[in-house]
Amino acid sequence: MSKDVFKLGGKEFNSRFILGSGKFNIDLIDAVAKEGGAEILTLALRRANSGGEANILDYIPENVTLLPNTSGARNAEEAVRIARLSREIGCGNFVKIEIIHDSKYLMPDNHETVKATEILSKEGFVVLPYVYPDLIIAKQLENSGAAAVMPLAAPIGSNKGLVTREFIKMLVEEIDLPIIVDAGIGKPSQACEAMELGVSAIMANTAVATAGNIKQMAKAFKLAIEAGRLAYLSGPGRVINTAE
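About the cut-offs
- Residues numbered from 1 in each chain as written.
- Predicted model: local features only at pLDDT ≥ 70, side-chain atom pairs only at ≥ 80, totals over all residues.
- Heavy atoms only, no water.
- Helix = DSSP H or I, 4+ residues; strand = E, 2+ residues; numbered from the N terminus.
- Buried < 20%, exposed > 50% of the residue type's maximum accessible area, 1.4 Å probe, protein only.
- Contact = heavy atoms within 4.5 Å.
- Axes fitted to C-alpha atoms, helices over the stretch in contact; angles between N-to-C directions.
- Parallel < 35°, antiparallel > 145°, perpendicular 65-115°, else oblique.
- Left-handed = near helix turned anticlockwise from the far one by under 90°.
- Core = buried A, V, L, I, M, F, W, Y, C linked by side-chain atoms within 4.5 Å.
- Pairing = 2+ DSSP bridges.
- Right-handed = clockwise from strand over helix to strand, strands pointing away.

(A) Region of the structure containing the overall build of the protein chain. Helix and strand counts for the protein chain stand at 8 helices and 10 strands. Taking all 244 residues of the protein chain together, the buried fraction comes to 51%. Sequence-distant contacts, at least 24 apart, represent 63% of the contacts inside the protein chain between residues at least 6 apart.

Structure (structure tokens):
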């Protein structure tokens, strides 16, 4: 699998495990970078300038690519403003669009996300929009210049797994962009199952952050993602209704 690189925004990555930073923890970053091999880390702008708290930027390994997100944005206008600010302070051109104004379920606003994606892609950003897996919206994002589509598997932080499995499968089959499963994956086996569908990468945070042993869980996710990718590339065997 050494030649099976993950390409995104003109960069090549050996790992298909992306760390979300919603539950910021220095040990978590260290474990996922070292034991999980993650090469991309999301960054909420507020964590880069958090006053008396630890600055997340001080703990990110040099080989890790930052993926600033627009956490806290409630509409396209706010998301665009946050993205521009992140680039101005040196966080680069990668940006994860996250637009949420539902405080109970934290569901993304797909339509506002399309608006922000179109604006930012024209400004040279590598845009990764976080959405509910809707095929029509995904096609609009593709046409708007998105670099990838990041559908949720289940509500953020729920650890419920591939609740939206069939919808994610549609995106894999119909969208000519990397599909990165984001939010809801709770176990390595669920990450493996998603990879077997043909998704390009898995983003996880809560599943590792809330594990009893963070280092072991980070490694388990790494191995599960690699196994799922290898299974997908190998071509799963046929399924029949009788024994033979």
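(B) Quick peek at the packing of helix H6 (residues 188-196) against helix H8 (residues 214-234). Where H6 meets H8, the axes come as close as 7 Å, and the angle between the chain directions of the two elements is 25°. Our classification of the angle between H6 and H8 gives roughly parallel. Between H6 and H8 lies a crossing of right-handed hand. Contact residues: H6 offers Pro188, Ala191, Cys192, Met195 and Glu196, while H8 offers Met217, Ala220, Phe221, Ala224, Ile225, Ala227, Gly228, Arg229, Ala231 and Tyr232.

(C) Expanded view of the nonpolar core. The biggest cluster of nonpolar side chains holds 36 residues, and the ones touching the most others in it are Val181, Ile185, Val199, Ile202 and Phe221. Elements that contribute at least two residues to this core include exactly strand S3 (17-19), helix H1 (26-34), helix H4 (135-143), helix H5 (165-174), H6, strand S10 (201-204), helix H7 (206-209) and H8. Per-element accounting of this core gives the leading share, 4 residues, to H8. Here phenylalanine 221 is in contact with Phe17, Ile185, Gly186, Lys187, Pro188, Ala191, Ala204, Ala207 and Val208, once residues within four sequence places are set aside. By size, the runner-up hydrophobic cluster in this structure holds 15 residues, among which are Leu8, Phe13, Ile18 and Met203.

(D) How the structure looks around unusual backbone geometry. In this model, leucine 106 sits at a positive phi of 55°, which is unusual for a non-glycine residue. With respect to the element layout, leucine 106 can be found in the loop between strand S6 (94-97) and helix H3 (110-122). Given a relative accessible area of 33%, leucine 106 falls into the partly exposed group.

(E) Inspection of the pairing of S6 at higher detail. Burial along S6 is two-sided: Phe94 and Lys96 and Val95 and Ile97, pointing in opposite directions, are all buried. Pairing of S6 with strand S7 (residues 126-131), which is carried by 4 bridges, proceeds in the parallel orientation. Note that in S7 the partner of valine 95 across the bridge is valine 127. The parallel pair S6 and S7, bridged by H3, forms a crossover whose chirality is right-handed.

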